[in-house]
Amino acid sequence: MMPRNPKSIVLAAPSASFLSTCTTNSTSTTAKLASFTNINDALASFNHMLNINPLPPKAEFNRILSALVRMKHFDTALSLSKQMDLVGIPLDLYTLNCSMNCFCHLHRVEFGFSVLGKCFKLGIPLDIIMFTTLINGLCREGKVSQAVELFDKIVANGYQPDVYTYTIIINGLCKIGKTSSAAGLLKKMVERGCEPNVVAYSTIIDSLCKDRFVSEALEFFSEMKRKGILPNVVTYTCLLRGLCSFGRWKEASVLLEEMLDRNVTPSVVTLNVLVGELCKDGMVSKAKSIVKLMSKRGIEADVCTYNSLMDGYCLLGQINEATKIFHGMVNKGCKPDLFTYTILINWYCNSKKIDEAKQLLDEMTSKDLTPDIVTYNSLIRGLCQAGRPRDAQLLFTNVCASGHIPNIVTYSTLLDGLCKHGNLDEALTLFHEMQKSKLKPNCYIYNILIDGMFKDGKFKDAKELFSRLSVEGLRPDTHTYTTLVNGLCKGGLLDEAYRVFREMEDDGCLPNSCFYNVIIQGFLRHKDMSRVTQLIDEMVDKGFCADSTTTSLIVDSLSSDDPIMKKLLHSEPYQDKVEARQIAHMNNLG
């Protein structure tokens, strides 16, 4: 018998289990044929049914479409649906809903709406499932406003959204930062007689925690429990993340105990939330205790857990402990990833252990892990800090040649290294290369170059570069002015430094403690005591205090009976500083 559709999809060989179940003309086997997890079996089953005379019920074809959707073969499901139409199998609501679902999963929601038109044409009544599918598709594509608009229209036209419809809209609103609107919809949902589920509450709780409204999230948590809605692992994990991020460890501990008492099994995500936040706060020992506790409950650490522990030890300056964690994870069969290596490379570079860092780089590439620009930035910074700017330049060249695109951190790191080691010409060449790229230099880049020019004695060039800031659409910050004034003072251009100081205030950029110390030190070194007196007076009145260098210069320049010396030494900020030192000294003695 010739197949009814000569344009049927070309199949790969069906599995042996499928072939063994096929009989030539038996419609009774169609249910068995639809019980598969293999796409080739699905296609073979579909073509087999097309050759059966009479054709099996369309419900059997719909089962195959449903199975393909479960396997996420959306394009194939659409193709088979089209074939059903071509051979005259009447389409029903189930078939069309399946097609609409496929379009939405393929981010082609506009085609999903075209299915609505087909329903109207065929006289097929629409249901809430179809509208929910479209709402979900719109949210998937980030068109949340359109999803809300469609939701409001279907409610106005008498359709009753179910809990799934509401949850999709609530999730969409939370994703675009409209948590209050999502919470309002939750209340309307209850008023309309549709009880929220744990997913709806968990979505809002998660969004509130991310928005830093942890107390409000706890209120929603209490509300859901009062209504008899049991929290799940997602609910607890969201709240734990929120509490930990605010350092509310006591409440987090109580919540974790409650979670375990309710026999809600933590996930590895829960573990990583706790370990990550504890390590950020320097409580690595407690983080390790959590890992042991979870391990006893069958929750094993993954690469993310080990990365957090390693980073925590590195933040404490215990790089040897971090290295032990690294070797321990490897011994347990947990494969290090890009972040694992980058963490160690970064901290080896901070410790000026460049050779160890480079060995790790070679090791990760040998394991088919490609370093990213963050990894290379750490090495470039490490080489510069170790006094090897030429090696940093060579690495930069190799990085660019390998196809990596330098970012603003790459350029600023190398520029800073070159300027600090007296390689201003190379820094300016790199700066011009950066200008030719798509990256626009920021104020930090200009600060580095202005400082480098002053140190190289190129005062005119430094001032000209400063004037370029406004032309480039950049506004000097306090650090920029501090760099400029410091350079002018060291060059003996005191009047110009003072003028810049006053212009700075007129431009709305207020001097900070660091700025006052820099300009006072400049005038002290050039024995301009009238200006020193005026500036110290200003600094103290604004609540700033002298640093150790400024204080030492003042003591060398003024007598203890000088009025300005008395004002400085008896100022509240200075006395607070002295008291803090005394307390620290007593603690050390204790």
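Refer to the preceding data block for the structure.
Residues numbered from 1 in each chain as written. Predicted model: local features only at pLDDT ≥ 70, side-chain atom pairs only at ≥ 80, totals over all residues. Heavy atoms only, no water.

1. As for the overall build of the protein
Put simply, the test is: Only DSSP runs of H or I with at least four residues qualify as helices, and only runs of E with at least two residues qualify as strands; both kinds are numbered from the N terminus onward. Pairs of residues are marked as contacts when any of their non-hydrogen atoms sit within 4.5 Å.
In terms of helices and strands, the protein carries 34 helices and zero strands. Taking contacts inside the protein between residues at least 6 apart in sequence as the whole, the part at least 24 apart equals 62%.

2. Quick look at the pattern of salt bridges
The following threshold applies: Take a side-chain nitrogen of Lys or Arg and a carboxyl oxygen of Asp or Glu: if they are within 4 Å of each other, that pair is a salt bridge. Think of it in three bands: residues with accessible area under 20% of the maximum for their type are buried, residues over 50% are exposed, and the middle band is partly exposed, with areas taken using a 1.4 Å probe on protein chains only.
Counted under the stated rule, the structure contains 27 salt bridges. Two residues, Asp 206 and Lys 210, come together in a salt bridge whose shortest N-O distance is 3.1 Å. Residue Asp 206 and its partner Lys 210 are located together in helix H12 (residues 198–210), separated by four residues, close to a single helical turn. Judged by relative accessible area, Asp 206 falls into the buried class, the value being 16%.

3. Observations concerning helix H32 (residues 548–557)
Turn by turn, an α-helix covers 3.6 residues, leaving residues three or four places apart pointing in a common direction. Stated precisely, the cut-off is as follows: Of all possible arcs, the one meant is that of the directions from the helix axis to the C-beta atoms. A 3.5 Å cut-off defines polar contacts: any pair of N or O atoms within that distance qualifies, except that in protein one atom must be a possible hydrogen donor and the other a possible acceptor, and neighbouring residues in sequence count only when both atoms are side-chain atoms.
Within H32, burial applies to Thr 550, Thr 551 and Ile 554. Along H32, the residues classed as buried sweep out an arc of 95° about the axis, all on the same side. Facing away from the buried side of H32, by more than 90 degrees, are the exposed residues Ser 548 and Asp 556. Backbone nitrogen of Thr 549 and a side-chain oxygen of the N-cap are separated by 3.2 Å at the start of H32; the cap is Asp 547.

4. Things to note about the packing of helix H29 (residues 494–506) against helix H30 (residues 513–525)
Selection rule: Axes here refer to lines fitted to C-alpha atoms; in helices the fit is confined to the stretch in contact. Angles between the N-to-C directions go from 0 to 180 degrees. With respect to orientation, any angle under 35 degrees is reported as roughly parallel, any angle over 145 as roughly antiparallel, any angle of 65 to 115 as roughly perpendicular, and every other angle as oblique. Crossing chirality is assigned from the near helix's rotation relative to the far helix, an anticlockwise turn below a right angle marking it left-handed and a clockwise turn marking it right-handed. Each residue is assigned to one of three groups, with Ala, Val, Leu, Ile, Met, Phe, Trp, Tyr, Cys and Pro labelled nonpolar, Asp, Glu, Lys and Arg labelled charged, and all others, Gly among them, labelled polar.
Across the interface, H29 lies against H30 with an axial gap of 10 Å and an inter-helix angle of 160°. Taken together, the axes of H29 and H30 lie roughly antiparallel to each other. Crossing of H29 over H30 shows left-handed handedness. Here Leu 494, Ala 497, Tyr 498, Phe 501, Met 504 and Glu 505 of H29 come into contact with H30, specifically with Phe 515, Tyr 516, Ile 519, Gly 522 and Phe 523. The residue makeup of the contact of H29 with H30, split by class, is nine nonpolar, one polar and one charged.

5. Let's talk about the packing of aromatic side chains
Here the distance between the centres and the angle between the planes together describe a pair of aromatic rings. Cut-off, in case you're wondering: Here the aromatic set is Phe, Tyr and Trp, taking the six-membered ring for Trp, and pairing holds for ring centres within 6.5 Å; pairs whose planes are under 30 degrees apart are stacked, those over 60 apart are edge-to-face, and all others are tilted.
Within the structure shown, the criterion is met by 16 aromatic pairs. Where Phe 46 meets Phe 61, the ring centres are 5.5 Å apart and the plane angle is 80°; that geometry is what we call edge-to-face. In this pair, Phe 46 is assigned in helix H3 (residues 39–50) and Phe 61 in helix H4 (residues 58–70), connecting sequence segments 15 residues apart. Its relative accessible area of 0% is what places Phe 46 among the buried residues. Look at Phe 61 and you get buried, because its relative accessible area is 0%. Each ring, one from Phe 396 and one from Tyr 411, has its centre 5.6 Å from the other, and the planes form 65°; the classification is edge-to-face. One end of the pair, Phe 396, is in helix H23 (residues 389–401); the other, Tyr 411, is in helix H24 (residues 408–420), with 15 residues separating them in the sequence. Judged by relative accessible area, Phe 396 falls into the buried class, the value being 6%. Aromatic rings pair up to connect Tyr 498, Phe 501, Phe 515, Tyr 516, Phe 523 and Phe 544 into one cluster.

6. A closer look at a positive patch on the surface
Where we set the bar: Each patch is built from residues that are more than 30% exposed by relative accessible area and take part in no salt bridge. Like charges join if they lie within 9 Å; nonpolar side chains (Val, Leu, Ile, Met, Phe, Trp, Tyr) join within 5 Å. Per-residue and other accessible areas were derived by the Shrake-Rupley procedure at a 1.4 Å probe size, with only the shown protein chains allowed to occlude residues. Charge counting treats Lys and Arg as positive and Asp and Glu as negative, with His and both chain ends excluded. By convention, the charge on Lys lies at NZ, on Arg at CZ, on Asp at CG and on Glu at CD.
On the surface, Lys 288, Lys 292, Lys 296 and Lys 332 cluster together into a patch of positive charge. Structurally, the position occupied by Lys 288 is in helix H17 (residues 284–296).

7. As for the environment of Ile 450
Position of Ile 450 relative to the elements: it lies in helix H26 (residues 443–455). A sequence separation of 31 residues divides Ile 450 from Cys 419, and the C-alpha atoms of the two residues are 9.6 Å apart. Every residue in contact with Ile 450, bar those within four places of it in the chain, is listed here: Ala 462, Leu 465, Phe 466, Thr 480 and Thr 483.

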